[in-house]
Amino acid sequence: MEMHEKLKETTTYLRNVGVVAPQTGIVLGTGLGSLVNEIEIITSVDYASIPHFPLSTVESHEGRLIYGTLANKTVLVMQGRFHYYEGYRFLDITFPVRVMKALGVSQLLLSNAAGSMTPELPKGSLMLIDDHINFLPGNPLRGVNDPKMGDRFPDMSRPYSPEINALFKQVAAELSISLKEGIYLAVMGPNLETRAEYRMFRTFANAVGMSTVPEVIVANQIKLPCAAVSVLTDECDPDHLKPVDIADILKTAAEAEPHLTRLFKEVVARLP
Ligand code: HPA
């Protein structure tokens, strides 16, 4: 089945269950789960029951699409995202972004957890992604291009919306939340990096993580303005690298959650 046919089935299903007019799409990564508590839920659908949606497998993520209101705006929220290391194809990982656009969202906001390779961004801080490097072993746009979906060779000179990023910075300043801009590098994972890899990557980027870039590539293809914030959960200094503690990474993400939640809520309030 062609992509636009799948999209039609999925959007028809979602409209029928009440997802009628979402204004902002949100992908909740590690560290933004509690945003859901701020949403007045209109409809909540398990990924498993949505036609053509892949199934979420990571334990720390839930697999649910939530439609509701946040700060008097309608939002369509992915609670739980898909990662390449779980075995999904890039095509499937990014399908929900196309669904959001087809349902009419005006912009997409994403969050993730990432390792900091920059001393100015200590553990627990938030980084607004200004640009990225795709070090994933593939691309969601690979294959025959359905011209209905967008350009064959999408421009990536401004992958993150300068307007939304400016709004993020303004809101962060007003809320006294520290938010520095930086470059995010996406790797496949699921292992964390070696000292030699961090040493190499820190010359390219400020943070490293395992998500977001595929969704942003597709958002750019379909001309959906987007912005993304990383919670920096660990310090990846190759000269003083400690063994990874996933529990500590999740704890750090949880501690940053209230700030990220306030930030996202206020940004959504001021977006169209
Ligand atoms: N590397 C890759 N992904 C991550 C990291 C990291 O150090 N920390 C959190 N997600």
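The following refers to the structure shown. A quick note: this is a predicted structure, and the numbers were derived from the prediction, not measured.

A few points about the overall build of the protein
So, step 1. On a plain count of helices and strands, the protein comes out with seven helices and nine strands.
So, step 2. The C-alpha atoms of the protein give a radius of gyration of 18 Å, which matches the 19 Å a tight globule of 272 residues would have.
So, step 3. Along the longest, intermediate and shortest principal axes, the C-alpha atoms of the protein span 55 × 40 × 35 Å.
So, step 4. The proportion of buried residues among the 272 residues of the protein is 52%.

A few points about the site of the ligand
So, step 1. Inspection of the region around the ligand gives Ala113, Ala114, Gly115, Leu192, Glu193, Tyr198, Val208, Gly209, Met210, Thr233, Asp234 and Cys236 as its neighbouring residues.
So, step 2. The backbone of Gly115 places a nitrogen or oxygen atom 3.2 Å from a nitrogen atom of the ligand.
So, step 3. Residue Glu193 places a side-chain N or O atom 2.6 Å away from a nitrogen atom belonging to the ligand.
So, step 4. Contact with the protein chains covers 94% of the free accessible surface of the ligand, which is 260 Å².
So, step 5. Contributions of two or more residues to the shell around the ligand are made by strand S5 (107-116), strand S8 (207-209) and strand S9 (226-235).

Section: the pairing of strand S3 (residues 64-70)
So, step 1. The buried fraction of S3 amounts to five of the seven residues, a majority that puts the element mostly inside the structure.
So, step 2. Sheet topology note: the strand S2 (residues 40-46)/S3 ladder contains six bridges and is antiparallel. Looking across to S3, one finds that Glu40 is bridged to Thr69.
So, step 3. Strand direction decides the pairing type here: S3 and strand S4 (residues 73-79), joined by seven bridges, are antiparallel. The partner of Thr69 across the bridge, within S4, is Thr74.
So, step 4. The hairpin turn running from S3 into S4, its antiparallel successor, is two residues long, and Ala71 in that turn takes a positive phi close to 50 degrees.

Brief notes about unusual backbone geometry
Most peptide bonds are trans, and most residues other than glycine sit at a negative phi.
So, step 1. Across the junction of Gly189 and Pro190, the peptide omega takes the value 0 degrees, indicating a cis bond.
So, step 2. For Pro190, the location among the structural elements is in the loop between strand S7 (179-186) and helix H5 (195-201).

Here's the deal with the pattern of salt bridges
So, step 1. Applying the stated criterion to the full structure yields 12 salt bridges.
So, step 2. Across the pair Arg270 and Glu174 runs a salt bridge, and its minimum N-O distance is 2.5 Å. Of this pair, Arg270 sits in helix H7 (residues 246-270) while Glu174 is found in helix H4 (residues 162-174), placing the two residues 96 residues apart along the sequence.
So, step 3. Under the relative-accessibility criterion, Glu174 is labelled partly exposed at 46%.

Basis of the calculations
Each chain carries its own residue numbering, running from 1 in the direction its sequence is written. At least 70 in pLDDT is required for a residue's local features to be given in this predicted model, at least 80 for side-chain atom pairs to be given and counted, and no such filter applies to totals for whole chains, interfaces and linings, which use all residues. Hydrogens and water are ignored here; the side-chain numbers use all heavy atoms of the structure. A helix here means a DSSP run of H or I that spans at least four residues, while a strand means a run of E at least two residues long, and both kinds are numbered starting from the N terminus. We compute the radius of gyration from the C-alpha atoms alone; for a globule the expected value is 2.2 Å times N to the 0.38, where N is the number of residues. For every residue, the accessible area obtained with a 1.4 Å probe (protein chains only) is divided by the maximum for its type, and the residue is called buried under 20%, exposed over 50%, and partly exposed between those limits. One heavy atom within 4 Å of a molecule or strand is enough for the residue carrying it to be called near that molecule or strand. Throughout this description, a polar contact denotes any pair of N or O atoms lying within 3.5 Å of each other; where both atoms belong to protein, one of them has to be capable of donating a hydrogen while the other can accept it, and for residues adjacent in sequence the pair is counted only when both atoms sit in side chains. Note on areas: Shrake-Rupley, 1.4 Å probe, and residue coverage restricted to the protein chains presented here. A pair of strands is labelled paired if DSSP reports no fewer than 2 bridges between them. Salt bridges are identified by distance alone: a Lys or Arg side-chain nitrogen within 4 Å of an Asp or Glu carboxyl oxygen.

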